[in-house]
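Survey of secondary and tertiary structure
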Amino acid sequence: MRNVKQLKNFDIEVSHRSSWSLIIFAFVFLSGGIMQLRGALLPNFQATFGVSESLLGLVAPMGTLGFTITVLTTGLAAGHLPVKKFMLAGAVITTAGTFLMGLSSLYPLLLLFLVVRGLGTGLFRGLDRPLLNHLYPGKFGRIYNLHAASWALGAASGPLFANLILRLTGNWRTVYLFYGILLVPLFLFLFNKELDTSEFEETRLSLEKLKRISRKTEILGMFIGIVLNVGIEAIFFTWLPYYLSGIFSHEFGNTALTFFLLAYVPGRLISGWLAEKLDLSFLALLNSLFIAVLLAMAFFFTTGYLQVAFILLSGFSLSSNFPTLLSLGTKTSPKLSGPINALAMTCSALALSAFPPLVGLITDYISIAVAMKLTVVLAVGLVLNLVVLRARLAD
């Protein structure tokens, strides 16, 4: 009888864990797709609103401004918050912001609703990894990479859906309305799903604890590595279709971005497997070396389709660094996963905000070809950061 009761409790626990994992992965999938619409639709924004490349560069920072505010505040306060209510609010605001982006009649309104959408997504994303960390204790290396792979699948689908809907309707606004409709059943399901937070053992953060974790070698290396790695990703996410559309066609540029992001899926699945077998800092260094070599080949030694091939291959290694570095940081203080995730996501958001406008400025004053070489500079910095990190850990 006791064994039957234990089995029943185990089934309930697995069902509860699986349901919440499904909710989180579905939201991450859709938010990844919505994020990648920015780069895929950049030429359409320019055609509709008649803005310069410098103003187009504002799409990325405005998209991450709201996200940065809420992902940081909710993540730092994860031990104090009613998790379900905040995640539900995040899903509702994300849905509203996505619909409003599709209805924007002026470029400033589009930027404003990008901020609104980001506010909602940050509310949800500030708590999703900490919740997964507590649903799957001690398995953050694998679960974070699976979480990241869900984002990658969604992100890869964004430009594909954009191409398909643009071909069918000729209207970029329909793409955002399509994603808004997909989000509605998700937050309705979230509204009706109970969440047992009795096992949510997140340590409440104090200023002293924040200072202490921020000084750790792994955390500092994580911060710098994420800024540099996401800086490269941000440039590709925003400008790769625009860059390639000048060489090939708009549709080819969007398709290339899809294949670039598809490389993230096997990259993150393999990284999740390797994360349990290799030292995390060594895995990140290995990824960084591949990134530097591939991007140097792409922007200094090749042109045409061969150049595109090297860019697409770099996505395999670029994909692995964020979850690997985040796992390295989380491993130092698992019960502070919320604040560590919040700080990592803030570093990511800063990179997403800073580098695309810089590329826009360089493009305005010089050329997009020169601007894209910035990715190689960041890749070299990434390698140096990991070398220094491993040297300090070895002392």
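The structure presented is a predicted model; accordingly, all values stated were derived computationally and were not measured. (Residues numbered from 1 in each chain as written. Predicted model: local features only at pLDDT ≥ 70, side-chain atom pairs only at ≥ 80, totals over all residues. Heavy atoms only, no water.)

Remarks on the overall build of the chain
Put simply, the test is: In this text, helices come from DSSP runs of H or I with a minimum length of four residues, and strands from runs of E with a minimum of two, each type numbered from the N-terminal end. Remark: exposure states derive from per-residue accessible area (1.4 Å probe, protein chains only) relative to the maximum for the residue type, with buried under 20%, exposed over 50%, and partly exposed in between. Only heavy atoms enter the contact rule, under which two residues are in contact if any of them lie within 4.5 Å. Surface accessibility in these figures is a Shrake-Rupley result with a 1.4 Å probe; residues are shielded only by whichever protein chains are displayed.
Helix and strand counts for the chain stand at 17 helices and zero strands. Per-residue burial for the chain yields a buried fraction of 57% across its 395 residues. Intrachain contacts of the chain at a sequence separation of at least 6 include 85% that bridge at least 24 residues. Summed over all atoms, the accessible surface of the chain reaches about 15900 Å², with 70% contributed by carbon and sulfur.

Observations regarding helix H10 (residues 217-245)
The condition that has to hold: Any helix carries an expected span of 1.5 Å times its number of residues minus one. To get the bend at any residue, fit one axis to the seven residues that end at it and another to the seven that begin at it, then take the angle between the two axes.
When the terminal C-alpha atoms of H10 are compared, their 42 Å separation across 29 residues agrees well with the 42 Å that a helix rising 1.5 Å per residue should span. If you look at H10, its biggest bend is around 55°, right at Trp239, and the proline Pro241 turns up within four residues after that. Here H10 lies mainly inside the structure; 24 of its 29 residues are buried.

Topic: the pattern of salt bridges
Put simply, the rule reads: What counts as a salt bridge is simple: a side-chain nitrogen of Lys or Arg found within 4 Å of a carboxyl oxygen of Asp or Glu.
For the coordinates displayed, the defined rule picks out three salt bridges. Linking Asp128 and Arg125 is a salt bridge whose minimum nitrogen-to-oxygen distance equals 2.8 Å. Note that Asp128 and Arg125 are positioned in helix H6 (residues 107-135) at a spacing of three residues, about one turn of the helix. Residue classification places Asp128 among the buried positions, given a relative accessible area of 0%. Ionic pairing is found between Asp279 and Arg390, a salt bridge with its closest N-O pair at 3.1 Å. Remark: Arg390 occurs in helix H17 (residues 374-394) and Asp279 occurs in the loop between helix H12 (264-274) and helix H13 (280-301); sequence separation between them is 111 residues. Arg390 sits in the partly exposed class, given a relative accessible area of 30%.

With respect to the confidence of the model for the chain
Selection rule: Residue-level confidence of the predictor, termed pLDDT, takes values from 0 up to 100.
Mean pLDDT over the chain works out to 84, with 90% of the residues at or above the 70 mark. Ignoring residues within four places in sequence, the model shows residues 1-13, a span with pLDDT below 50, making zero contacts including any to other chains.

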